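# Coordinate analysis (summary)
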Amino acid sequence: MHYQGDSWGYYVPTRSMGSDPMERVVKLASESAVVIFSLSTCCMCHAVKRLFCGMGVNPTVYELDQDPRGKEMERALMRLLGNSQAVPVVFIGGKLIGAMDRVMASHINGTLVPLLKEAGALWL
């Protein structure tokens, strides 16, 4: 997993992108097979990261609370989802999957693994 901080991997810088937060979110979401927008202190974010790691997926994680423009991106994600809970938000293959509830529903109903395979995040 690409991540800023301790054991998740390393930070992926986002400073060189355009000024529109929604444009930045869409660009970042399309650059890796699995992208998670997260907050480092969010327990649901931790749970979704563990889910993907436990499946053998190596997502790119953007910790919005550790990005200087993270608040702007968080507001853009809230607009995208249409609710007040902005994180975690998962993109697979550049497509919005949604927040934790949608990820878990996909996992339970068996549609998550095919999405991951199609995006090239899983090979088995």
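Below is a short write-up of the structure. (Residues numbered from 1 in each chain as written. Predicted model: local features only at pLDDT ≥ 70, side-chain atom pairs only at ≥ 80, totals over all residues. Heavy atoms only, no water.)

So, about the sheet that holds strand β2 (residues 60-63). As summarised here, the arrangement of the four strands in space is β2-β1-β3-β4, forming an open sheet in which the pairing is mixed. Looking at strand neighbours, the two that pair on one side only are β2 and β4 (95-98), the edges of this open sheet. Averaged over neighbouring strand pairs, the angle between their axes works out to 25 degrees when direction is ignored. Relative to strand β3 (residues 89-92), strand β1 (residues 34-38) runs antiparallel, the two being bridged by four bridges. Counterpart to Val-34 in the pairing with β3 is Ile-92. Taken strand by strand, helix α4 (residues 100-109) contacts β3 and β4, and its axis lies near 90 degrees from that of β4. The sheet contacts of helix α5 (residues 112-119) involve β1, β3 and β4, and relative to β3 the element is tilted by about 55 degrees. (Pairing = 2+ DSSP bridges. Helix = DSSP H or I, 4+ residues; strand = E, 2+ residues; numbered from the N terminus. Axes fitted to C-alpha atoms, helices over the stretch in contact; angles between N-to-C directions. Contact = heavy atoms within 4.5 Å.)

At a closest axis distance of 11 Å, the pairing of helix α2 (residues 43-54) and α4 adopts a crossing angle of 30 degrees. In this view, α2 runs roughly parallel relative to α4, as classed from their interaxial angle. As for the relative orientation of α2 and α4, their crossing is left-handed in sense. Along the contact surface, α2 presents Met-44, Ala-47, Val-48, Leu-51 and Phe-52, while α4 presents Met-100, Val-103, Met-104 and His-107. A per-class count over the contact of α2 with α4 returns eight nonpolar, one polar and no charged. (Parallel < 35°, antiparallel > 145°, perpendicular 65-115°, else oblique. Left-handed = near helix turned anticlockwise from the far one by under 90°. Nonpolar A, V, L, I, M, F, W, Y, C, P; charged D, E, K, R; others polar.)

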